[in-house]
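Descriptive structure summary
Spelled out from the first residue to the last, the chains are:
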Amino acid sequence: MGSESGSPPDGPDPLERFERELPESHAVLWTVIIVAAAFDVVTTLTGLGAGLAEGNGVARAFLATYGSSGIGLLKFAALVVLVVTWHFLPDRPAELVLTGFAVISVLTVGLNALTLLSL
C-alpha cells in the first residue's frame, strides 16, 4: 500500500492495463465510425420500412431473430468487437483496422442512401 502521505500504492495501477491513449487520428476515425454506424442503422430501417430487403445474410438473421432492433444489436456487437480489437493492437495496426471499418461503414451508408434515393 502507499504511504499515509497520499502517495500512490506500490506497484502498477490495476486499471492501467485497461487504459489506452487516443491519438487524434484515432479520435477522428472513431467519430466517423460512430456517425456512420448511426446512419447505417437509420438508412437500413428506412429501407426496410419502404419494403426493401436486407442484403446482408447476418443482418437478415438478426432481423429474423430480434426484429427491427436486431439491426441496432448487430451494429452494437460489431462495435464491441472493434473496440476490443483496437484496444489490444499497437497504434499503427489499430489505426489501419479503424480506417478499414470507417471506409466500409461510409461506403455502406452511401450505398444505402443511393438505394433510398432511387425509390
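Provided above is the structure to which this section pertains.
Conventions adopted
Residues numbered from 1 in each chain as written. Predicted model: local features only at pLDDT ≥ 70, side-chain atom pairs only at ≥ 80, totals over all residues. Heavy atoms only, no water. Polar contact = N/O pair within 3.5 Å; in protein donor to acceptor, adjacent residues only side chain to side chain. Helix = DSSP H or I, 4+ residues; strand = E, 2+ residues; numbered from the N terminus. Salt bridge = Lys/Arg side-chain N within 4 Å of Asp/Glu carboxyl O. Buried < 20%, exposed > 50% of the residue type's maximum accessible area, 1.4 Å probe, protein only. Axes fitted to C-alpha atoms, helices over the stretch in contact; angles between N-to-C directions. Parallel < 35°, antiparallel > 145°, perpendicular 65-115°, else oblique. Left-handed = near helix turned anticlockwise from the far one by under 90°. Contact = heavy atoms within 4.5 Å. Nonpolar A, V, L, I, M, F, W, Y, C, P; charged D, E, K, R; others polar. Phe/Tyr/Trp six-rings, centres within 6.5 Å; stacked < 30°, edge-to-face > 60°.

1. Describing helix α2 (residues 57-66)
Backbone nitrogen of Val58 and a side-chain oxygen of the N-cap are separated by 2.7 Å at the start of α2; the cap is Asn56. Backbone geometry just downstream of α2 places Gly67 in the positive-phi region, at approximately 75°.

2. Remarks on the pattern of salt bridges
Applying the stated rule across the entire model yields three salt bridges. The shortest N-O distance in the salt bridge between Asp91 and Arg20 comes to 2.7 Å. In this pair, Asp91 is assigned in helix α4 (residues 91-117) and Arg20 in the segment before α1 (24-49), connecting sequence segments 71 residues apart. The class for Asp91 is partly exposed, based on a relative accessible area of 44%.

3. A closer look at the packing of α2 against helix α3 (residues 69-88)
Contact geometry for α2 and α3: axes closest at 7 Å, N-to-C directions at 130°. One element, α2, and the other, α3, form an angle in the oblique class. Every pair of crossing elements has a handedness; the one defined by α2 and α3 is right-handed. The segment α2 lies against α3, with Val58, Ala59, Phe62, Leu63 and Tyr66 engaging Ser69, Gly70, Ile71, Leu73 and Leu74. A per-class count over the contact of α2 with α3 returns eight nonpolar, two polar and no charged.

4. Things to note about the packing of aromatic side chains
The final tally for this structure, using the stated rule, is two aromatic pairs. Seen from their ring centres, Trp30 and Trp86 are 5.7 Å apart, and the 90° between their planes marks the pair as edge-to-face. With a gap of 56 residues between them, Trp30 in helix α1 and Trp86 in helix α3 connect regions that are remote in the sequence. For the pair formed by Trp30 and Trp86, the shared burial category is buried. A ring pair is formed by Phe62 and Tyr66, whose centres lie 5.7 Å apart and whose planes are at 45°; its orientation type is tilted. With Phe62 and Tyr66 both in helix α2 and four residues apart, the pair spans about one turn of that helix.

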